[in-house]
Amino acid sequence: MWCFSFWRNHRELDVHWLMHFNNACRRVVFSDPNLTRSAESVQNAISVLPENDLIDLVSYLLSQTDSATRDHVEEIDSILVQGGSGWRVGVRSERYSLVRRLPEGITDIAESVVNHDQRSSRYLKEAWDYAFMASPDPSNAYQAAIKAVESVARELVAPRNGKANLASCAKEIREGKGKWSFAMADSPHRSGVQVVHDMLDLFINAQTDRHPGQVGHAEISEQSAQAAVLMATTLVGWFTMEHFERADDSQSP
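Not measured: the values here are computed from a predicted model.

S.K.: How would you sum up the side chain of arginine 246? Please name residues and give values.
M.R.: When you line up the elements, arginine 246 lands in strand β4 (residues 244-246). Buried within the structure, arginine 246 lacks any salt-bridge partner; glutamate 172 is the closest side chain of opposite charge, at an N-O distance of 5.3 Å. A distance of 3.3 Å separates a polar side-chain atom of arginine 246 from the backbone oxygen of leucine 156. For arginine 246, the side chain forms a polar contact with the main-chain oxygen of valine 157, separated by 3.1 Å.

Written out as structure tokens, the structure reads:
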């Protein structure tokens, strides 16, 4: 198994690491009473792990890697690429981790948007981490995505209203369509401003875990959270790069 042999070559991977992993993930992954300090015992324990637990283990071990072993991290990433894995080595909270592999163009655009605007960058980074890390947190991913869009929409749509939220910004756009312009030409069926409003409306209402106990409440799925983060990245980009903006003859409320 490549992950075991890799760490065996570069660091001491023994039963203590497996127990530390149990504590870190707050569940018992390794509970075999026959697990001992021997390399063979550790290898056997790792070899029977379900895929999700194995991904979590590798991500945990990566998070314990310091900058002095950067070459080793790059070696793991190379192995993942050669094996056609859906994972790559990334950085989360300033520590190495496994993250979902996405087409480079998508991640390049996301990084460009994050770096373009400081208001939303922290929330957008959090959203990407929560959505695409080895152990995703869909609810927090969606919530961070909402905050990212809200932070830039409020500044553009209602800069003088300290109580404005994303829903009120969407309402302002819907009720004042003539006040706004969008960089793309309208289609015969709807204007670009309508499309932006409809995206906001979907984005807000698809966050189905906002109000526990109410009709329609449902847990956010991993796929829904990822879609929301990608949508948030697009919306933040449109708002901050002036693709969607106030029309020249309108005044801010």
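S.K.: Kindly report on the side chain of serine 151, identifying the contributing residues and their values.
M.R.: Along the chain, serine 151 falls in helix α8 (residues 138-157). A distance of 2.7 Å separates the side chain of serine 151 from the backbone oxygen of alanine 148, its partner in a polar contact. Look past the residues within four positions of serine 151 in its chain and what remains in contact with it is Arg119 and Ser120.

S.K.: I'd like a description of the nonpolar core, backed by residues and values.
M.R.: It is characteristic of soluble globular proteins that their nonpolar side chains tend to be buried jointly. Core analysis: the biggest nonpolar cluster contains 43 residues, and Val149, Leu200, Phe203 and Phe244 have the highest contact counts within it. Those elements that provide at least two residues to this core are α6 (104-116), α7 (118-132), α8, α9 (166-175), β3 (180-182), α10 (192-205) and α11 (222-240). Among the elements that take part in this core, α8 stands out by supplying 10 residues, more than any other. By size, the runner-up hydrophobic cluster in this structure holds 11 residues, among which are Val73, Ile76, Trp87 and Leu98.

S.K.: Pulling in residues and values, what's your account of the environment of alanine 141?
M.R.: Position of alanine 141 among the secondary structure elements: in helix α8. Classification of alanine 141 as buried rests on a relative accessible area of 0%. Distance from alanine 141 to tyrosine 123, taken between C-alpha atoms, is 9.1 Å for residues 18 residues apart in sequence. Dropping the residues within four chain positions of it, alanine 141 is found in contact with Ala127, Tyr130, Ala131, Ala225 and Val229.

Reading the values: rules and limits
- Residues numbered from 1 in each chain as written.
- Predicted model: local features only at pLDDT ≥ 70, side-chain atom pairs only at ≥ 80, totals over all residues.
- Heavy atoms only, no water.
- Helix = DSSP H or I, 4+ residues; strand = E, 2+ residues; numbered from the N terminus.
- Buried < 20%, exposed > 50% of the residue type's maximum accessible area, 1.4 Å probe, protein only.
- Lys, Arg positive; Asp, Glu negative; His and termini not counted.
- Salt bridge = Lys/Arg side-chain N within 4 Å of Asp/Glu carboxyl O.
- Polar contact = N/O pair within 3.5 Å; in protein donor to acceptor, adjacent residues only side chain to side chain.
- Contact = heavy atoms within 4.5 Å.
- Core = buried A, V, L, I, M, F, W, Y, C linked by side-chain atoms within 4.5 Å.

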